[in-house]
Amino acid sequence: MEYRLSDATLAYGEEAATALLGIDALYRREAGDDEGLVVLNMSTSHQPEYFADYDEAYERFAELERRAAALPEADRRLYYSQLCRSTMAVCRWRQGRMPFAEQLSGFLHVPAAPASDAELDGLRSEMRALLTSMGYSGDLAAQCAAWEERNRVPADEVTATLSELLSEAWDRTSERMQIPAPKSDGMRVSGVRGMPYSARCDYSKRTIDLNLDPIYTRPGLKHLAVHEGYPGHYVQFKLRETWYREGTAAADGLLSIVNSASSSPFEGIADNGLYVIDWIENDDDRLAELLTRYRAGLGTAAAWRLHALGWEEGRVRDWLRGVGLVGGEGWVDNRMRFISAPQRSVLIWSYWWGGASVTPVWQRVPAERRPEFLRFLYGRMHSTQTVAMFA
């Protein structure tokens, strides 16, 4: 597969970048949301296109969608069409014309439904079988409590442990992918509290903001080192920035956008990092991955109860507390903060659909073609559908 995008697609990416910065500027003015829709802008030259209102922005992205149909690359035709439709849906949402279920399909291009009871029950069955084989007894809650206690990292050692794991993750990643930066350019850990996340990659400051409220295990921190750091979000941003400067990637890749077609694969690429660097080493790691998948599903189920079914926040909190299995009250708190924010609540689905869109493709790609697939995966913005178009 050709790494370099066509001139037509690179030119289109320039327009897409300025239009996306424009809708971000409009949203910030209108909503008073300082985080915005573009949560990271690595560009040093692109200026936002001016939109007086959402109707004007809608028409601009409708025009860009029509023009996307003429791009030479099939995956770019689909992705940019979906990007435009996501942004048009955001316009309608801000005009009060978008119920919660339609936000899901409109923003993320995923089914407008939470993880099903059958899917969550299946994950619970897998965890129970694994924990039983590992020698843990009792019901699933008791097994998970005992496992968490055995693998728990003391609160005063959490930041140092994550820093140690980040160093190892960098080394393992650099053996498999070229990171176009010295290790000193990497991320440092900053402890925070009361946040709507467990950890966040602040690429511009080179910090991983780690919420110290939840209970952490070493396998769980290993996942965060990969997801937020290497070969996850840091590597995603570093490669997109570098390849744009080299002329092989499009300008819209300089932006990290929420509530968009790229949201799920962005998280899925980061989650898939454990497979890329072959760092699932034992049953504790395997259980941590099942828990990650399970709690991603719980996030969708909790948000659905809150926003689609109209449950009171206290009832949703009690439900999460009863099914969360690990992480303690700190985890329940950060999930509730995340899903309670109307401008971010849909994003919880990106964690559920992300890995499901990336890891199965990674697993079917022959080993000799995986470097080529990584270039495709990291070098282009993707939707859940375009990841599978690698050929």
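Look above for the structure.
As the structure is a prediction and not an experimental result, all values here were calculated from the model.

A. The side chain of Glu148, seen in detail. Topologically, Glu148 is positioned in helix α6 (residues 140–151). One buried charge, Glu148, has no salt-bridge partner; the nearest side chain with opposite charge is Arg152, at 6.0 Å. Those residues within four positions of Glu148 in sequence are excluded, and the remaining contacts are Ile215, Thr217, Val326 and Gly327.

B. Quick peek at unusual backbone geometry. Backbone torsion omega between Tyr230 and Pro231 reads 5°, so that peptide bond is classified as cis. Locating Pro231 in the fold gives a position in the loop between α8 (218–229) and α9 (233–246). Even without being a glycine, Asp278 presents a positive backbone phi close to 55°. Phi angles above zero are rare outside glycine, and Leu325 is one such case at about 75°. Among the secondary structure elements, Leu325 is positioned in the loop between α13 (313–323) and α14 (328–340).

C. Highlighting the sheet that holds strand β3 (residues 199–202). With respect to topology, 3 strands assemble into an open sheet ordered β2-β4-β3, the strand pairing being mixed. The sheet is open, and its two edges are formed by β2 (188–192) and β3, each paired on a single side. When the angles between neighbouring strand axes are averaged without regard to direction, this sheet yields 25°. Note: β2 against strand β4 (residues 207–211), 5 bridges, orientation parallel. Within β4, the position partnered with Ser190 by the bridge is Asp209.

D. Here's a closer look at the pattern of salt bridges. All told, the structure shown has 30 salt bridges when counted by the stated rule. For Lys222, the salt bridge identified is with Asp285, shortest N-O distance 2.6 Å. Placement of Lys222 in helix α8 and of Asp285 in helix α12 (residues 283–307) is noted, with a sequence separation of 63 residues between them. Note on accessibility: Lys222 and Asp285 belong to one class, buried.

E. The packing of helix α15 (residues 348–364) against helix α16 (residues 370–379), seen in detail. For the pair α15 and α16, interaxial distance at closest approach is 10 Å and the crossing angle is 155°. Relative to α16, the element α15 is oriented roughly antiparallel. When the axes of α15 and α16 are compared, the crossing they make is right-handed. Contacts between α15 and α16 involve Val358, Val361, Trp362 and Gln363 from the former and Arg370, Phe373, Leu374 and Leu377 from the latter. Taken together, the residues that form the contact of α15 with α16 break down as 6 nonpolar, 1 polar and 1 charged.

F. The arrangement of the packing of α8 against helix α10 (residues 263–271) in detail. Contact pair α8 / α10: the axes reach a minimum separation of 7 Å and the direction vectors enclose 125°. As judged from the angle between their axes, α8 and α10 are oblique. As for how α8 packs across α10, the hand of that crossing is right-handed. Side by side, α8 and α10 meet where His223, Val226 and His227 of the first sit next to Glu267, Ala270 and Asp271 of the second.

Rules used throughout
Residues numbered from 1 in each chain as written. Predicted model: local features only at pLDDT ≥ 70, side-chain atom pairs only at ≥ 80, totals over all residues. Heavy atoms only, no water. Helix = DSSP H or I, 4+ residues; strand = E, 2+ residues; numbered from the N terminus. Buried < 20%, exposed > 50% of the residue type's maximum accessible area, 1.4 Å probe, protein only. Lys, Arg positive; Asp, Glu negative; His and termini not counted. Salt bridge = Lys/Arg side-chain N within 4 Å of Asp/Glu carboxyl O. Contact = heavy atoms within 4.5 Å. Pairing = 2+ DSSP bridges. Axes fitted to C-alpha atoms, helices over the stretch in contact; angles between N-to-C directions. Parallel < 35°, antiparallel > 145°, perpendicular 65-115°, else oblique. Left-handed = near helix turned anticlockwise from the far one by under 90°. Nonpolar A, V, L, I, M, F, W, Y, C, P; charged D, E, K, R; others polar.

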